[in-house]
Amino acid sequence: TSHTPVVAIVACLMPDMGIGYAGKLPWKLAREMKYFREVTSRTVDPSKQNAVVMGRKTWESIPPRFRPLPGRTNVVVSRQFSHALEPAGPKGPAGVFHSNSLHRCLELLPQRVASLERIYVVGGAEIYAQSYTLCDAMLLTEIEPAPGAEPPQMDTFLDRVAVAERFERQGSVDAFVPPGVTLPDPETVLENGFQYRFALYTRR
Ligand code: NDP
């Protein structure tokens, strides 16, 4: 537990790194969601699990029947909560923690939750904006409009400068994602008017 890796995972429209529109995702990409589910759920050590940390607005954007994300320790951060890390409690769903501090919950999680392999930061925009200095790596799904398709409207972006300054793009995610994650072959997925690939960025 001395160091549990913190990894941001985010799908973004290149080159501007757009991630949202009107409080929602600007696309519907089933293959991308499967990748997200597999990466955040799978572990190298079968006795461990991962945590997913998200902002209060992203939690609320998940349809109630799909939350908490199963098989993962879910952490919701909100400045309205009273503790740095506490179980959502009998009133809340099981396997969910509340935190009033992104920084503190990343420190406390490995101490409080046994056998954590990785902590995934899963958004949204406000949380990613605070994560460039907190995470060891970023798993970026690099999306572009499919040839001939119009780009979607976007109002929410990653900080391209922060990403470029702090992270280095690696060739492939193969060695980084746990076994059992299905990777597309060929690498570029064409779906629903978009094309995208899964990329790893590591700390410079
Ligand atoms: P967030 O999900 O980032 O939630 C923001 C809330 O988190 C704040 O209002 C606050 O909650 C809480 N919060 C933020 N920082 C802290 C902190 N340091 N300590 C404690 N609580 C904190 O919302 P955004 O609106 O910024 O992002 C949502 C957008 O992001 C949507 O468009 C969504 O679709 C997109 N998104 C995109 C993803 C992608 O991969 N493309 C992934 C996830 C989301 P409170 O107000 O309760 O205090």
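Scroll up to find the structure this text is about.
A. Examining the overall build of the chain more closely. Within the chain one finds five helices and 12 strands. Taking 204 residues into account, the globule formula puts the C-alpha radius of gyration at 17 Å, and the chain, at 16 Å, falls close to it. Taken along its principal axes, the extent of the C-alpha atoms in the chain is 50 × 35 × 35 Å. Burial analysis of the chain (204 residues in total) assigns 48% to the buried set. Sequence-distant contacts in the chain: of pairs separated by 6 or more residues, those separated by 24 or more amount to 72%. Accessible area for the chain stands at about 10,600 Å²; split by element, carbon and sulfur atoms hold 51% of it. Of the charged side chains in the chain, 23 are positive and 21 negative; the average position of the first set lies 7 Å away from that of the second.

B. Representation of the site of the ligand. The environment of the ligand is formed by 28 residues, the closest being Ala11, Arg56, Thr58, Ser78 and Gln130. Take Asn100: an N or O atom from its main chain is 3.4 Å from a nitrogen atom of the ligand. A distance of 3.0 Å separates an oxygen atom of the ligand from a polar backbone atom of Gly124. For the ligand, whose accessible area on its own is 940 Å², the fraction buried by protein is 88%. Given that more than half its atoms are within 2 Å of the pocket grid, the ligand belongs to the largest pocket. Elements supplying a minimum of two residues to the shell around the ligand: strand 1 (6-13), strand 2 (18-20), helix 2 (56-61) and helix 4 (125-129). For the shell around the ligand, a count of residues per class yields 12 nonpolar, 11 polar and five charged.

What counts, and where the lines are drawn
Residues numbered from 1 in each chain as written. Predicted model: local features only at pLDDT ≥ 70, side-chain atom pairs only at ≥ 80, totals over all residues. Heavy atoms only, no water. Helix = DSSP H or I, 4+ residues; strand = E, 2+ residues; numbered from the N terminus. Rg over C-alpha atoms; globule rule 2.2 N^0.38 Å. Buried < 20%, exposed > 50% of the residue type's maximum accessible area, 1.4 Å probe, protein only. Contact = heavy atoms within 4.5 Å. Areas by Shrake-Rupley, 256 points an atom, 1.4 Å probe, with all protein chains shown as cover. Lys, Arg positive; Asp, Glu negative; His and termini not counted. Charge placed at Lys NZ, Arg CZ, Asp CG, Glu CD. Near = heavy atom within 4 Å. Polar contact = N/O pair within 3.5 Å; in protein donor to acceptor, adjacent residues only side chain to side chain. 1 Å grid on protein atoms, 1.4 Å probe; cavity = no way out; pocket = protein on both sides within 12 Å on 5 of 7 lines; lining within 4 Å. Sits in = over half its atoms within 2 Å of the grid points. Nonpolar A, V, L, I, M, F, W, Y, C, P; charged D, E, K, R; others polar.

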